[in-house]
Amino acid sequence: MNTPSLTWKNNLPFSQKFEDIYFSHHGALEESHHVFINGNHIQERFQKATNFIIGELGFGTGLNFAVTCQEWESHSSSKANLEYIAIEKFPLKKSDLEKISSHWPKLKKYFSHLIKNYPLRISGFHHIQFSKNIQLTLIYADVLEALKGLNTEVDAWYLDGFAPPRNPEMWSEDVFKQVAQLTKAKGTFATYSAAGQVRRNLEASGFKLKKEKGFAKKREMLIGTLINKNENHRIKPWFDYPKLDFKKIEKKAVIIGGGLAGCWTAHALVNRGWKIDLIEQHESLAQEASGNRASILYPYIGLNWDKYHEFYTAGFAHSLRKFRQLKKDCSDFSWNECGLVQLAKNKDEKERFQKISKLSQLSEDYIQYLDKDSVSQVSGIDLKNAGLFFPHAGWLDPRQLCQLLIQSPLIKIHLNQKVDQIKKQEQNWQLLDGKGKSITESPIIILANAHAAENFLQIQDIPFNRVRGQITYLDEVNLDIQTQTILCGDKSFFALDQNHFDIGASFEPEETRSELLESSQQKNLTFLNKIFPKESISIPKKIKGRVAFRTTSEDRLPVVGPLFDTDIYKRDYAELHHGRPWDNYPKASYLPGMYLNLAHGSRGLTSCGLSAEWLAGYLNGESSFLNQSLVEALHPARFLIKKMKKAL
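Cut-offs applied
Residues numbered from 1 in each chain as written. Predicted model: local features only at pLDDT ≥ 70, side-chain atom pairs only at ≥ 80, totals over all residues. Heavy atoms only, no water. Helix = DSSP H or I, 4+ residues; strand = E, 2+ residues; numbered from the N terminus. Polar contact = N/O pair within 3.5 Å; in protein donor to acceptor, adjacent residues only side chain to side chain. Buried < 20%, exposed > 50% of the residue type's maximum accessible area, 1.4 Å probe, protein only. Pairing = 2+ DSSP bridges. 1 Å grid on protein atoms, 1.4 Å probe; cavity = no way out; pocket = protein on both sides within 12 Å on 5 of 7 lines; lining within 4 Å. Points joined across faces, edges and corners; volume = space filled by probe spheres on them. Nonpolar A, V, L, I, M, F, W, Y, C, P; charged D, E, K, R; others polar. Axes fitted to C-alpha atoms, helices over the stretch in contact; angles between N-to-C directions.

(A) Structural view of the environment of Asn64. With respect to the helices, strands and loops of the structure, Asn64 is situated in helix α3 (residues 63-75). Within the structure, the side chain of Asn64 is placed 2.9 Å from the side chain of Asp160, a separation counted as a polar contact.

Laid out in structure tokens, this is it:
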């Protein structure tokens, strides 16, 4: 992860890389108001706004964000929503942010909340529900790369990178063309800079410019309005989602499935004021794959920074923030941030782990490579393996998590209700039981019921896999070891307390039996024997466990988003294999009101929360806070599109 190379001069933060201070010594707070608040006429626009989007190039110290939050609370309606999107290639360390924020005691409320929720320093999009009406998306990436990954329409831009001569990449014509494409018609910008190249690049991108008096000793600054909107298509039509106007939608939905995906989706929606009916076929929540007594918040391990690494790393960071907040709000919440070591099996894997730990997108507060001595020190066990250490990984009871997520009067839970069919009935979807009797109906339904969703005719063109997993419970067992750290290889081992341990889960895609199998227990115990000396283990003859079936997709990523209309897709995109330009194809068609949050596999604790938050935001008419490439990677139609592209 890029570091800011920060030093201190006269008690002010100074960037060694850009040879410039982070904020004016003439009065940073006053400059922020003069340039960005007044330059974009923020106060007047906040008074009229129902949903307002701000984009910032150069998050820096977070000062502009804190000032904007203060203005929003002072001038906006209590029902309005602010989305703040900021790009920063060199994010500050939390400790530096704490020190810097002390300069502005009047903004302590906002900085304290920002510091508490400050993301891990890992590349990508980080979404933070800052307050009920304020959302922050922090993007740690190169500015042009980040802008290309956005899909939104910004009302006002804060152009606040380091000075153009010192940071020319931030002020290039390519950057401003992307900014213009992401700006609403008649959207605005403001910047402290009045450099000639900046003026020319902004004008070439479609902005009408105006010079204003600069702050303090600066003679001029620039403000402007987008007058020439470029309507170039940014998204392939088959991956383009319809924009929903949440003001015209009754905020009410039915969710099928009471596991992690369903409960987290319900939670994300009620936080936005929605009313939810949660349908569960069992007599209690979290009975399928979400019903283990403990689940691991597990990072992704890959040699390349690809869609898997980006998605699961973002999901890890999102879940971690949520679990920490729940732990603070509920002292008996089972979240145990004990750390995790992925043990190297051999020399080749050891070398691979070393390379992974050096990926430029990651930082030491997320991942560390440890030699065997350090692994032994971290785990408290004399181990023979080197490995990767994730200090913020941990485990919790997913059943308890599900119960906490649905604690809202806006959620009505229906247990022992198995949905056998879904039919369209005028403007509503009708849910029917096995006898054809109506359970309920709703204009919006969300399928979050894992492999049970395969029974519905509407999703027959999405390939799912059902994988058996068996966990071994070692209860009241004499293990002469003292460790809280999760140890992983081809299985995982961790302690719930001094006398209760979990091993697993097995991965058995061809096995369909739901009862405990002795062969699976032995496979799990084999992993235990690999990492611990046999003389330290005394295993009873009869041991317990649990079997569950995880649902995965063909490409091992979740399936999240609106459900496509299969017949129209097959008609409109039948010629994709010819490789014609995008403009030759119509926009995608979807089944109105049907949405999916499925196929989280063994990483549900890592992926369900992020997926649910994105889906809830989409339904609520908010900007996407995921990189557009990830939105497409999760798209329910991706398998059908891939198939049609290969057609002969």
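Structure's up, so let's keep going.
(B) Representation of the pairing of strand β28 (residues 500-504) within the structure. With four of five residues buried, β28 is to be regarded as a mostly interior element. Pairing of strand β24 (residues 464-475) with β28, which is carried by four bridges, proceeds in the antiparallel orientation. The residue of β28 that forms the bridge with Thr472 is Ile503. The antiparallel pairing of strand β27 (residues 492-497) with β28 creates a hairpin that spans two residues between the two strands.

(C) Summary view of empty space enclosed by the protein. On inspection of all chains with the given rule, the structure shows three cavities of 30 Å³ or more. In this model, the largest cavity occupies a volume close to 60 Å³. Considering the residues around the largest cavity, the lining is formed by Glu83, Tyr84, Ile85, His127, Gln135, Thr137, Ser623, Ser624 and Phe625. With three residues, the top contributor of residues to the lining of the largest cavity is strand β5 (residues 81-87). Looking at side-chain class alone, the lining of the largest cavity contains three nonpolar, five polar and one charged residues. In terms of lining residues, the second largest cavity is bounded by Phe125, His126, His127, Ala314, Ala317, His318, Arg321, Leu610, Phe625 and Leu626. Elements represented by at least two residues in the lining of the second largest cavity include exactly β6 (124-131) and α10 (307-329).

(D) Just the sheet that holds strand β7 (residues 134-140), in detail. What the eight strands build is an open sheet, ordered β6-β7-β5-β4-β8-β9-β11-β10; its pairing is mixed. A single partner strand is all that each edge strand has here, and the edge strands are β6 and β10 (207-213). For this sheet the average axis-to-axis angle between neighbouring strands, irrespective of direction, equals 20°. Where strand β8 (residues 154-159) and strand β9 (residues 183-191) come together, five bridges link them in parallel fashion. By the bridge assignment, Ala156 is partnered in β9 with Thr188.

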